[in-house]
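Chain residues, written in single-letter form:
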Amino acid sequence: MFARPPSAATANAAPAGQGEAMARALKLAANPFVSAGAAAGLFLVAAATLIIVTSDSHAGAPSVRVRLAPAAKLDPTPLRTGVDPTAAPTLDSLPLGADVAMPGAPGQATITLPQGGRINGAHGPDGGPPTATAPLQPKSPPLVAAPLTGLSQPGPGGPLPIIAKDGRTPFGAYARPFASNGKPKVALIVGGLGLNAVATKAAIERLPPEISLSFVPYADGLQGWIDMARAAGHEVILEIPMEPIDYPNNDPGPYTLMAQGQPAEFSRRLDWLLSRGAGYFAVTNYLGGRFLQTEPAMGSFAAALKARGVGFLDDGSARRSTAAQGPMRASADTIVDQDLSSDAIDRQLTALEASALSKGQSLGMGFAYPVTVGQVSRWAAGLAGRGYQLAPASAIAHR
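Residues numbered from 1 in each chain as written. Predicted model: local features only at pLDDT ≥ 70, side-chain atom pairs only at ≥ 80, totals over all residues. Heavy atoms only, no water.

Draft legend 1. Spatial organisation of the overall build of the protein chain. When helices and strands are counted, the protein chain shows ten helices and 13 strands. Within the protein chain, the proportion of its 399 residues that are buried is 45%. Carbon and sulfur atoms form 60% of the exposed surface of the protein chain, whose accessible area is close to 20400 Å². (Helix = DSSP H or I, 4+ residues; strand = E, 2+ residues; numbered from the N terminus. Buried < 20%, exposed > 50% of the residue type's maximum accessible area, 1.4 Å probe, protein only. Areas by Shrake-Rupley, 256 points an atom, 1.4 Å probe, with all protein chains shown as cover.)

Draft legend 2. Structural context of the packing of helix 7 (residues 263-274) against helix 8 (residues 295-308). One can describe the packing of helix 7 onto helix 8 by two numbers: an axis separation of 12 Å at closest approach and a directional angle of 45°. Judged on the interaxial angle alone, helix 8 and helix 7 are oblique. Read as a crossing pair, helix 7 and helix 8 show a hand that is right-handed. Residues F266, L270, D271 and L274 of helix 7 form the contact with helix 8, whose participating residues are A297, S300, F301, A304, L305 and R308. Across the contact of helix 7 with helix 8, the residue classes break down as seven nonpolar, one polar and two charged. (Axes fitted to C-alpha atoms, helices over the stretch in contact; angles between N-to-C directions. Parallel < 35°, antiparallel > 145°, perpendicular 65-115°, else oblique. Left-handed = near helix turned anticlockwise from the far one by under 90°. Contact = heavy atoms within 4.5 Å. Nonpolar A, V, L, I, M, F, W, Y, C, P; charged D, E, K, R; others polar.)

Draft legend 3. Quick look at the side chain of Q389. Within the secondary structure layout, Q389 lies in strand 13 (residues 389-391). With a relative accessible area of 11%, Q389 lands in the buried category. Excluding residues that lie within four positions of it along the chain, Q389 makes contacts with F178, A179, S180, N181, G182, K183, P184, K185, V186 and L383.

Draft legend 4. Geometry of the packing of aromatic side chains. Following the criterion strictly, the structure yields seven aromatic pairs and no others. Ring plane angle 10° and centroid distance 6.4 Å describe the contact between F266 and F291, whose orientation is recorded as stacked. Remark: F291 occurs in the loop between strand 8 (280-287) and helix 8 and F266 occurs in helix 7; sequence separation between them is 25 residues. A single burial state applies to F266 and to F291, both of which are buried. Each ring, one from F291 and one from F301, has its centre 6.1 Å from the other, and the planes form 90°; the classification is edge-to-face. Taken together, the residues F291 in the loop between strand 8 and helix 8 and F301 in helix 8 connect sequence positions ten residues apart. By relative accessible area, F301 is classed as buried at 0%. Among the aromatic residues, those joined into a cluster by ring pairs are F266, F291, F301 and F312. (Phe/Tyr/Trp six-rings, centres within 6.5 Å; stacked < 30°, edge-to-face > 60°.)

Draft legend 5. Spotlight on the nonpolar core. With 58 residues, the main nonpolar core has L213, F215, I240, V283, F301, F312 and W379 as its most contacted residues. What F215 contacts, discounting residues up to four positions off in sequence, is L193, G194, T200, I204, L222, W225, A229, V236, I237, L238 and E239. Membership of the second largest hydrophobic core comes to 22 residues, among which are A146, A164, Y174 and A397. (Core = buried A, V, L, I, M, F, W, Y, C linked by side-chain atoms within 4.5 Å.)

Draft legend 6. Expanded view of the pairing of strand 5 (residues 185-193). When you tally the buried positions in strand 5, you get eight out of nine residues, the bulk of the element. Of the strand pairs in this sheet, strand 5 and strand 12 (residues 361-367) are connected by seven bridges, and their pairing is parallel. Bridge pairing links V186 to S362 in strand 12. Two elements, strand 5 and strand 13, share three bridges in a ladder whose sense is parallel. Bridge pairing in strand 13 places K185 opposite Q389. (Pairing = 2+ DSSP bridges.)

Draft legend 7. Expanded view of helix 8. Between the first and last C-alpha of helix 8 there are 20 Å, a value that for 14 residues agrees with the 20 Å anticipated at 1.5 Å per step. All of the buried residues along helix 8 are A297, M298, F301, A302, L305 and R308. The buried residues of helix 8 occupy an angular sector of 130° when the element is viewed end-on, so they sit on one face. Residues P296 and A307 are exposed on helix 8 and point more than 90 degrees away from its buried face. Two residues or fewer after helix 8 comes G309, characterised by a positive phi angle close to 75°. (Expected span 1.5 Å × (residues − 1). Arc of directions from axis to C-beta.)

Right, dumping it as structure tokens:
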């Protein structure tokens, strides 16, 4: 039950002795020392209450600081060669806690664990524990800096590759030099590079220089990455986005080559893509399930590459295309990391060796996942001892 409020008469009639107690209280309150002490006590009580209410049950646990550069937007303005690579890549999908080292800057990506441990690299693609980082490869003589005189002309995004007046081609000039030792040749392309700074730098530094690297044309500061890769001895390939079967649900970007595109628009897009950087010897397809199977489109594409002296290495999808003939060509025998587990990648690499043993040469493709870079580095280290020669992809291509 609710208590009834007191009546006015009751409220005004103070009990005996209550007036004396009130007088003493007022006298104490007038004392400045008592007032200060009471205020301090009230402050302590309020502070204690605030701490109890706002306390964090995880206080004192290790924290992670993330230092990221802002992601740059695609800007289809002309790209100059020799740009500052420290301003290059966007940082999509970087691992939590990564201290990112950009091209030309010291350091490496590091994850600080709650237990205080440190692991180099990124999380595995399946969200599991990070893969052990592959060791740094011995330094290789750098490849010649690009662009070379006479092998380019101004384009909408930078230098467009051309065949020099003396007959030199970008394929011949920018491919990694190779001398066969007579053993079966095994080549591998690792791609998807340029968008993730950690993955790109790891592939450049930790894969053997004989491994060819392919770069996404939409990567900002692309020339800086190409220069860095060639300085480490890697030959470079440019990825060309092509219309997939499920377009537009799966859209490779604003400069995608369309199977039914008008000739003028096709040329505009291809010229922009090919002028994104200098120093690549060939291009490869990114997606393209519909484009690669459309003979007129493939014919125009192959003719444009041949006219510019650039090769075409596909992921195996254009193996039977008769329209793709003309430029220097090669088709991959397998994608080594369709199943992202160490054992599965090892099996595909072993199958690549078997293919080289039966045909004399083989070509594989993969992506710059941490697990792929780690497994490929270890596999390549023992390849010569098993009777094979690791070759750049350009050594597999033929006309």
